[in-house]
Number of protein chains: 2
Amino acid sequence: MALTAPVKEAATSAQVTRQKTIGYAATAADAALAPFSFERREVLPRDVQIEILFCGVCHSDLHTARNEWQNTIYPVVPGHEIVGRITKAGSEVTKFKEGGLAGVGCMVDSCRTCPSCKDGLEQYCIPGFTGTYNSDDKILGGVTYGGYSKTIVVNEDFVLRLPENLDLAAVAPLLCAGITTYSPLRHWKVGKGQKVGIVGLGGLGHMGVKLANAMGAHAVLFTTSANKKEDGKRLGAAEVVVSRNQAEMDKHLDSFDFILDTVSAAHDINAYLNLLKRDATLTQVGAPEVLNVSPFSLIFRRRQLAGSLIGGIAETQEMLDFCGEHGITSDIEIIPIRKINEAYERMLKSDVKYRFVIDMGSLG
Amino acid sequence: MALTAPVKEAATSAQVTRQKTIGYAATAADAALAPFSFERREVLPRDVQIEILFCGVCHSDLHTARNEWQNTIYPVVPGHEIVGRITKAGSEVTKFKEGGLAGVGCMVDSCRTCPSCKDGLEQYCIPGFTGTYNSDDKILGGVTYGGYSKTIVVNEDFVLRLPENLDLAAVAPLLCAGITTYSPLRHWKVGKGQKVGIVGLGGLGHMGVKLANAMGAHAVLFTTSANKKEDGKRLGAAEVVVSRNQAEMDKHLDSFDFILDTVSAAHDINAYLNLLKRDATLTQVGAPEVLNVSPFSLIFRRRQLAGSLIGGIAETQEMLDFCGEHGITSDIEIIPIRKINEAYERMLKSDVKYRFVIDMGSLG
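Residues numbered from 1 in each chain as written. Chains lettered and ligands numbered in written order. Predicted model: local features only at pLDDT ≥ 70, side-chain atom pairs only at ≥ 80, totals over all residues. Heavy atoms only, no water.

### So, the interface of chain B and chain A
- Listed per partner, the contact involves 39 residues of chain B and 39 residues of chain A.
- Counting each side, the surface lost to burial between chain B and chain A is near 3,200 Å², with a carbon and sulfur contribution of 60%.
- Of all residues in chain B, the largest losses of buried area upon contact with chain A belong to R278, I299 and R302 of chain B, amounting jointly to 23% of the total for that side.
- Among the ionic pairs, D119 of chain B bridges to R278 of chain A, the shortest N-O distance being 2.7 Å.
- Taken together, the links from chain B to chain A amount to 11 residue pairs in polar contact (both at pLDDT 80 or more).
- Where strand β15 (residues 304-307) of chain A meets strand β15 (residues 304-307) of chain B, 3 bridges bridge the pair, whose relative direction is antiparallel. Bridge pairing in β15 of chain B links A306 of chain A to Q304 of chain B. (Contact = heavy atoms within 4.5 Å. Buried area = accessible area lost by both parts, 1.4 Å probe. Salt bridge = Lys/Arg side-chain N within 4 Å of Asp/Glu carboxyl O. Polar contact = N/O pair within 3.5 Å; in protein donor to acceptor, adjacent residues only side chain to side chain. Pairing = 2+ DSSP bridges. Helix = DSSP H or I, 4+ residues; strand = E, 2+ residues; numbered from the N terminus.)

### Notes on helix α10 (residues 313-326) of chain B
- Under the 1.5 Å per step criterion, the end-to-end length of α10 of chain B is 20 Å for 14 residues, consistent within 8% with the ideal 20 Å.
- Tucked into the core, α10 of chain B has its buried residues touching β6 (107-109), α3 (168-171), α4 (177-187) and α5 (203-214) of chain B. (Expected span 1.5 Å × (residues − 1).)

### Focus: the sheet that holds strand β9 (residues 195-199) of chain B
- Strand order in the open sheet formed by 12 strands is β11(A)-β10(A)-β9(A)-β12(A)-β13(A)-β15(A)-β15(B)-β13(B)-β12(B)-β9(B)-β10(B)-β11(B), with mixed pairing between adjacent strands. The sheet terminates laterally at β11 (239-242) of chain A together with β11 (239-242) of chain B, the two strands that pair on one side only. This sheet shows a mean twist of 20° between the axes of neighbouring strands, independent of strand direction.
- Direction of pairing for β9 of chain B relative to strand β12 (residues 256-261) of chain B: parallel, over a ladder of 4 bridges. Among the inter-strand pairings, V196 of chain B is bridged to a residue of β12 of chain B, identified as F258 of chain B.
- Packed onto the sheet, helix α5 (residues 203-214) of chain A meets β9 (195-199), β10 (218-223) and β12 (256-261) of chain A and runs at close to 165° relative to β9 of chain A.
- Together, β9, β10 (218-223) and β12 of chain B form the strand contacts of α5 of chain B, whose direction differs from that of β9 of chain B by roughly 165°. (Axes fitted to C-alpha atoms, helices over the stretch in contact; angles between N-to-C directions.)

### Details of unusual backbone geometry
- A cis amide bond, omega -5°, links Y74 of chain A with the succeeding residue P75 of chain A.
- Positionally, P75 of chain A belongs in the loop between α1 (59-65) and β4 (82-89).
- In the segment running from K353 of chain A into Y354 of chain A, the intervening peptide bond is cis, with an omega of -10°.
- In this structure, Q70 of chain B takes a positive phi of about 50° despite not being glycine.

Okay, structure coming up:
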């Protein structure tokens, strides 16, 4: 599904009615997240309003709360792995009904007219998509506020249908961690008969292993921790390689059809590039500050290093349907919102298997 | 054409008859090239013997002569852009006849059995192809000696037919500089209606501009020197961008279908990655020590950074035929062999338009 017309209703913020809601916000880079009252728009004709039941906790939330990408507008309400129940649907909404489940991921709008939007790849929108939080709110003015909150109002074109057969809390991380790994696996045509590497076992990596396995590939997990071997296999990895063990790594030289690298800490990318077959691709979805690529790693086998960003709305829906069919969810630990600051500290120590999800009922 | 059976005649070096020849060799990293007598094999049944008329001077020759890749076996006779006339053909040679023109590029053999060789991509031979110089000589023993010499003996499967309508001296650089740029332009399907960037105007870059233009693309040359603008256009560039001019660079953001980067000096690769459209590729054929890639340059447009190495034998023949059809040769400066050391110094200052070619008749 490519999106159709631009949101014409986006007239001026003065014409839009507002409603109050509450959430958790950071007010400065060094401030703990704390309760915060703010406003959302009342539903416009093509909007749905969602009572947020669960919201996943992504590393981007932490980066943004602490202004680590130097682009945070405070106060910021993070959260872009949103699942909940529709409490109101605008008069022209066709895809959703009150009472149904719905999800919102990293985007709540895009230009809808550029070549990327026309191709259903809103994540690559040329003027830039509207992020679920910390983006210009083109309808209400000000900045968008994310899912660490009671409710959200989103144009139906950016709302996802959720599988009914899965644990709802464990579906939340699919909206970012799920699609971020699903999209490159699909784009580079991962499937049966292929040997596919997943680098890193965290929120993204554990979804990568589950999805690559469900797509029929021989999934090989690379981790720095020997003690993650068993868990890697439980998640669906056919093999787990401890990347610090050079002999283990050498066994896999020139053998991978595709590698998905989910690591955002500094690491030696050439060690993985050299495991690719001729003409194969390593795609980076984590974002270390810099990748020091030796050109010879690429030149001697015509290998490719690529990047990939979340996925389009249509592909996100496809991913959710795929997860419904295959019974795939994220491995999660549910926390009440008051534990969010503690959860951030634990994430920094990789002390979570493999995604925190906030029970938004705990917001009171 | 994929190559067929392995060279069975490669028995042992003891069984092979030898003949004397002369050339120019470096005997140490800090030694000037100087006259050198050595042996070649007498033609085996599938060999052709070529009287070398011209040999192009590639940067790899200099790197190897000076052991800059730490893998040189001395004495080394460089040269892998070889053109000449066949003086002898073995009893089972089918593709060539005495008296005809012939060329030899960077490879004189490969394993012929690995997946790359079977796909006609001998340059990616898994056990490694036999380089024209500084490689193990599997037939004669010792090391292979290149084209800075009077004569060479090569299995016909690694010998190329040359177009008869082109200036022979100016054809020599096609055997390395030509195929190194032609192969990625073809592999990434460069053609009409595409905007294609060529980074760097040297031996490789000037061939890239000519070839991309002949393939029908809108070729844009990137150079650091404003004074190369006119020459870039003469060679076939539709536009020439001075890469130090940020405003000029910014005009081209997100607009390229493909970029071929021929620069082997350190440079900011992200400046070029950011000029690619979504899903487009930048291919590196020069080899700087390291490319410092910002993952965001790749992630936000799903861009790809690739490498490419020369080309297979069949594709090299295709390139030579293409150049014959389109009247394409290298821009060259002919030198006698005694000026080779001076030529190396001038290459280091980019003081050549755009390739030195040795007149091997000057060897005496």
